[in-house]
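Now for the letters of each chain:
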Amino acid sequence: MIDTIIFDVGNVLIDFDWDGFMLREFPNADKNLIAKLDEDVWGDDRWDRLDAGDDPKDVIQNIIDYDPEHETELRKIFENVGDTLRKRPASSVWLKELKSRGYRLLYLSNYSHYVMELNPEVLDFLPLLDGGVFSCDVKVTKPDRKIYEIITEKYNLVPEECVFIDDLARNIKGAEDFGFHGIQFKTPEQARADLNKILAEKGEKMK
């Protein structure tokens, strides 16, 4: 029987619209510049150091040092990166419905304090959950096995009684290798259907 449902945050419970953000910030930039800035930020796990809880000043400086020619553009990105995030009102409806069916709800997200402080309002659904783990608080990011161990130990989880929902295949694989049931989020409708299928197969939790 499934007891606990664990949610990623970005692109699962809220929108993380990086491509749209970049087009808004640099509306007249050619595609080569956008591609270069994307590589500056995301290449070689440079962004991941934010999610792992490293000092934001050090992370941003490291990215600028990688491409000093575009320091102005990179600083603009990090000043406004909170605008990548948007609420999904339907998420709160989904969480309330699952709570009414008796499930424990947790979050497990690669997330940084830096971005959190730039746009805290998008996390207004957190009180609907029973807790969770942000990577920046534990200095470990998905899909490192350690982060699945951390949430399991913190909440006394039985992995085979948990479903984990994430938009990235590598994070789902890490969760499944650990013992969780995994659902890769592609659309809200698909994720709901896949979750309901697992819950029906494993048996509804008794309230």
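What you see is a predicted model, and the numbers here were worked out from it, not measured in a lab.

1. Comments concerning the packing of helix H6 (residues 89-100) against helix H11 (residues 188-202)
Their axes nearest at 13 Å, the elements H6 and H11 cross at an angle of 10°. Judged by the angle between their axes, H6 and H11 are roughly parallel. Judged by residue contacts, Ala90, Val93, Trp94 and Leu98 of H6 engage Ala191, Arg192, Leu195 and Leu199 from H11. For the contact of H6 with H11, the class distribution of residues is seven nonpolar, no polar and one charged.

2. Focus: the packing of aromatic side chains
The relation between two aromatic rings is expressed through the spacing of the ring centres and the mutual angle of the planes. Taken as a whole and judged by the stated rule, the model has 15 aromatic pairs. Plain terms: the ring middles of Phe7 and Trp94 are 5.2 Å apart, the flat faces sit at 80° to each other, and that makes the pair edge-to-face. Of this pair, Phe7 sits in strand S1 (residues 4-7) while Trp94 is found in helix H6, placing the two residues 87 residues apart along the sequence. Just as Phe7 is buried, Trp94 falls in that class too.

3. Some points on helix H1 (residues 18-25)
The α-helix winds at 3.6 residues per turn, so residues separated by three or four positions along the chain end up facing the same way. Here H1 has its buried residues at Trp18, Gly20, Phe21, Met22 and Glu25. Tucked inside the fold, the buried residues of H1 contact strand S2 (14-16), helix H2 (31-42) and helix H5 (71-80). Where H1 begins, the capping side chain belongs to Asp17, and its oxygen is found 2.9 Å from the backbone nitrogen of Gly20.

4. Observations regarding helix H4 (residues 56-66)
Looking only at H4, the buried set comprises Val59, Ile60, Ile63 and Ile64. When H4 is viewed along its axis, its buried side chains cluster within an angular range of 135° and face the same direction. Exposed residues lying more than 90 degrees from the buried face of H4 are Lys57, Asp58 and Asp65. For H4, the elements touching its buried residues are H2, helix H3 (48-51), H5 and helix H7 (113-118). Its side-chain oxygen at 2.8 Å from the backbone nitrogen of Lys57, Asp55 defines the N-terminal cap of H4.

5. Considering the sheet that holds strand S5 (residues 132-134)
In a beta sheet, neighbouring strands pair by backbone hydrogen bonds and run either parallel or antiparallel. Read from one edge of the open sheet, five strands run S5-S4-S1-S6-S7, paired in parallel fashion. One side of each edge strand has no neighbouring strand; the edge strands of this open sheet are S5 and strand S7 (181-184). Between one strand axis and the next, the sheet turns by 20° as a mean value, whatever way the strands run. Judged from the three bridges that link them, strand S4 (residues 104-109) and S5 form a sheet pairing that is parallel. Residue pairing across strands places Tyr107 opposite Gly132, the latter belonging to S5. Taken strand by strand, helix H9 (residues 145-155) contacts S1, S4, S5 and strand S6 (162-166), and its axis lies near 150° from that of S4. Where H11 meets the sheet, it contacts S1, S6 and S7, and its direction lies at approximately 160° from that of S7.

Parameters at a glance
Residues numbered from 1 in each chain as written. Predicted model: local features only at pLDDT ≥ 70, side-chain atom pairs only at ≥ 80, totals over all residues. Heavy atoms only, no water. Axes fitted to C-alpha atoms, helices over the stretch in contact; angles between N-to-C directions. Helix = DSSP H or I, 4+ residues; strand = E, 2+ residues; numbered from the N terminus. Parallel < 35°, antiparallel > 145°, perpendicular 65-115°, else oblique. Contact = heavy atoms within 4.5 Å. Nonpolar A, V, L, I, M, F, W, Y, C, P; charged D, E, K, R; others polar. Phe/Tyr/Trp six-rings, centres within 6.5 Å; stacked < 30°, edge-to-face > 60°. Buried < 20%, exposed > 50% of the residue type's maximum accessible area, 1.4 Å probe, protein only. Polar contact = N/O pair within 3.5 Å; in protein donor to acceptor, adjacent residues only side chain to side chain. Arc of directions from axis to C-beta. Pairing = 2+ DSSP bridges.

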